[in-house]
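Here is what each chain is made of, one letter per residue.
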Amino acid sequence: MDRNIVYIKDTGILQPDRTKDVYAAFLNGLRDRGMQDSVMAVRVADIGAYNQGVVIKVLPDTTYYNVKDADINRIVDSIKEGKAVQGLAARKEPKQLRIVLRNCGVVDPDNIDDYLARDGYQALKKVLFDLKTPEKTIDEIKKSGLRGRGGAGYPTWMKWNFAKQMVSDQKYVICNGDEGDPGAYMDRSVLEGDPYSVVEGMMIAGFSVGATMGYFYIRAEYPLAVDRVQNAIDRCYERGLLGKNILGSNFNFGLEIRLGAGAFVCGEETALIASIEGRRGTPHPRPPYPSVKGLWEKPTVINNVETLANVPYIILKGGDVFARVGTATSKGTKVFALTGKIKNSGLVEVPMGTTIREIVFDVGGGIFNNKAIKAIQTGGPSGGVIPKDFLNTPVDYENLQKLGSIMGSGGMIVMDEDDCMVDIARFYQRFCFEESCGKCSPCRIGTAQMLNTLSKIAEGMGELSDLDNLRRISQAMQKAALCGLGQTAPNPVVSTLRYYQDEYEVHIINKKCPSKKCRNLLSYKIIPEKCKRCSVCMMNCEAKAITGNKDDGYVINMDKCVRCGKCFEVCKFKAVSKE
Ligand SMILES: Cc1cc2nc3c(=O)[nH]c(=O)nc-3n(C[C@H](O)[C@H](O)[C@H](O)COP(=O)(O)O)c2cc1C
Ligand code: SF4
Ligand code: SF4
Ligand code: SF4
């Protein structure tokens, strides 16, 4: 039976949290109307809103804000009637569409019966007993137009087909749950919220390519995801859904988890394979691709968590139904981890082709503190920034690439006028430098040189020739680095240079940071006309850079100042200037 799902959370910050009371009142309302079995209410930790009182979200698309006690029963009645409550602060969220996240927050991720009650393993049954052959299964995936969600967007059916065509006594399927991009937590949420779908996706992939064994590669920093996937695997073995002669067919398939130690490069497929094999997790050149020679030199398909979570849905609903969502070249939905200067940060799932503006303003609620949007960053360290001028761009693989960024795995960081593009480039470059495995010199030396150059510019010691150097190193890395980490590490630098070269130049020529972010370029001054001589700034200055007294006033000695910004923060009279 399909249940209505309702999320409840008190998002107020001034009063004690009332989530528990509201939840109890909601349950009473359901019981009074005999609706306790048809509606599942969930107290959630994050509802994608902040300081908007009690928020009740009725899935799929209606959210009520600042709900008062007297409104609760009206909301319960409205669920029965199937329409929204008139006159309440409600917001429709038509832009979201949950395919990947269809079960997240809906099923109990530890309860296999919950998953079975929502068509769990029906897709596998269809594959084994209706479609019957790998060819027909792969054909359905081909019709769907599904492309890999791990970053590169490679057509899933092609990858499966390559592995299927290989003749081998043993083949493998790997689920890539490494997810090392800063700001990304899509895969983790799917593994934690709906592990059975990914298990089912793995089994269908296994059947399609002729594999009898699959591995989940999950980073050890995701202990809940690991527990839930392990529980799902154990329950499936108990019920005969994994192991030999699954569901009475002649399909045999086993699953195990391997833990990653949290190195970004281990998400790269050849490094990941080395890591599972117990070797040092460093990449090696391709070809041969894993679909030809992968784990223990056997044909291996590696797919991302989100890619696999789509698979049961596609098989069950039909590839053509899936293909109706999205754009000509990018089908289905994409889950984004929407973060940064956004009001409603959180996981969102939107059809491909939704514009950046719709994601940021309609789904994300706009910019925090009503500041102006400056750019969005997609694709993490392998991606780039997209300036606000391109907000109307429909999100798909090709469009983002044209703008100099990539879809990546789905991190989307919103930036406002206070964000400095040199600082952003430096942040990602530091990440790549620290995560570079060091195996090849273009990346080992290139990331270090780029980081040094960016730091020089951010600290006011840059020269104009540095910009050409950054471009030259970028090109060399893109061409010569051994793996995707080094090849894409320059992307944030290249894209910030492409759109914001003037910002770099102000840092270099004027020794100023227009966004007031680069600490070494800031100077603090006390404005005598505004200063009330309260001495609070002096008391808070740990560097003892402020001198003076109530009679003569106060001054900041910039030679001693470490630019911590404390005086600026504590002065209630806006008498400290930051330039
Ligand atoms: C440095 C680096 C890190 C990567 N990290 C991940 C990751 O965390 N998860 C992932 O699915 N793919 C990651 N990838 C891409 C994978 O190597 C691979 O292409 C992907 O798992 C294939 O799955 P898909 O076809 O379903 O996208 C990474 C690639 C590189 C170069
Ligand atoms: S590009 Fe970087 S991460 Fe990849 S192999 Fe070379 S050094 Fe290692
Ligand atoms: S805190 Fe502000 S008002 Fe007080 S002494 Fe410092 S600058 Fe003046
Ligand atoms: S910025 Fe920090 S170190 Fe500098 S004067 Fe203010 S409080 Fe002192």
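It should be emphasised that the depicted structure is a prediction, and the values quoted were computed from it without experimental measurement.

Cut-off values and rules
- Residues numbered from 1 in each chain as written.
- Chains lettered and ligands numbered in written order.
- Predicted model: local features only at pLDDT ≥ 70, side-chain atom pairs only at ≥ 80, totals over all residues.
- Heavy atoms only, no water.
- Buried < 20%, exposed > 50% of the residue type's maximum accessible area, 1.4 Å probe, protein only.
- Helix = DSSP H or I, 4+ residues; strand = E, 2+ residues; numbered from the N terminus.
- Arc of directions from axis to C-beta.
- Contact = heavy atoms within 4.5 Å.
- Phe/Tyr/Trp six-rings, centres within 6.5 Å; stacked < 30°, edge-to-face > 60°.
- Lys NZ or Arg CZ within 6 Å of the ring centre and 35° of its normal.
- Pairing = 2+ DSSP bridges.
- Near = heavy atom within 4 Å.
- Nonpolar A, V, L, I, M, F, W, Y, C, P; charged D, E, K, R; others polar.
- Patch = residues over 30% accessible without salt bridge, like charges linked within 9 Å, V, L, I, M, F, W, Y side chains within 5 Å.
- Areas by Shrake-Rupley, 256 points an atom, 1.4 Å probe, with all protein chains shown as cover.
- Salt bridge = Lys/Arg side-chain N within 4 Å of Asp/Glu carboxyl O.
- 1 Å grid on protein atoms, 1.4 Å probe; cavity = no way out; pocket = protein on both sides within 12 Å on 5 of 7 lines; lining within 4 Å.
- Points joined across faces, edges and corners; volume = space filled by probe spheres on them.

(A) Local environment of helix α5 (residues 134–144). For α5, every residue scored as buried is listed here: T137, I138, E140, I141 and S144. One face of α5 carries all of its buried residues, which in axial projection span an arc of 150 degrees. Packed against the buried residues of α5 are α4 (122–131), α6 (156–165), α8 (195–209), α11 (305–317) and α12 (319–323). One or two steps after α5, the chain reaches G145, where phi turns positive at roughly 75 degrees.

(B) Quick look at the packing of aromatic side chains. Going through the model one piece at a time under the given rule, you end up with 11 aromatic pairs. Between Y172 and W296, the ring centres sit 5.7 Å apart and the planes meet at 65 degrees, which makes this aromatic pair edge-to-face. With a gap of 124 residues between them, Y172 in strand β6 (residues 172–177) and W296 in the loop between α10 (269–276) and β9 (300–304) connect regions that are remote in the sequence. Assessed through its relative accessible area of 37%, W296 is described here as partly exposed. Counting every residue linked through ring pairs, the aromatic cluster contains Y115, Y121 and Y196. Looking at K142, its charged tip hangs above the ring of W157, at a distance of 4.3 Å from the centre. Positioned over the ring face of F568 is K578, at 5.0 Å from the centre of the ring.

(C) Local environment of the pairing of strand β14 (residues 411–416). With six of six residues buried, β14 lies mostly within the body of the structure. The alternating pattern of β14 places G411, I413 and M415 and M412, V414 and D416 on opposite faces, both of which are buried. The pairing of strand β10 (residues 333–340) with β14 spans four bridges and is classified as parallel. Looking across to β14, one finds that T339 is bridged to I413. In the sheet, strand β12 (residues 373–378) pairs with β14 via five bridges, with the strands oriented antiparallel. Bridge pairing in β14 links I376 to V414.

(D) Looking closely at the site of ligand 4. Surveying the vicinity of ligand 4 reveals the residues Y524, C541, A543, I546, I556, C561, V562, R563, C564, G565, K566 and C567. Here the residues of the shell around ligand 4 are counted per class, giving nine nonpolar, one polar and two charged.

(E) Main features of a nonpolar patch on the surface. A contiguous nonpolar surface patch, about 260 Å² in accessible area, is contributed by Y154, M158 and F162. Tracing the backbone shows F162 in helix α6. According to the relative accessible area criterion, F162 is partly exposed, its value standing at 40%.

(F) A look at the layout of surface pockets. Estimated volume of the largest pocket: approximately 1,300 Å³. Lining the largest pocket are 44 residues; nearest its centre among them are G150, G151, A152, E269 and R286. Residue assignment for the lining of the largest pocket shows that the elements contributing at least two residues are α6, β9, α14 (397–402) and α18 (484–488). Sorting elements by how many residues they give to the lining of the largest pocket places β9 first, with five residues. Class assignment of the residues belonging to the lining of the largest pocket gives a composition of 13 nonpolar, 21 polar and 10 charged.

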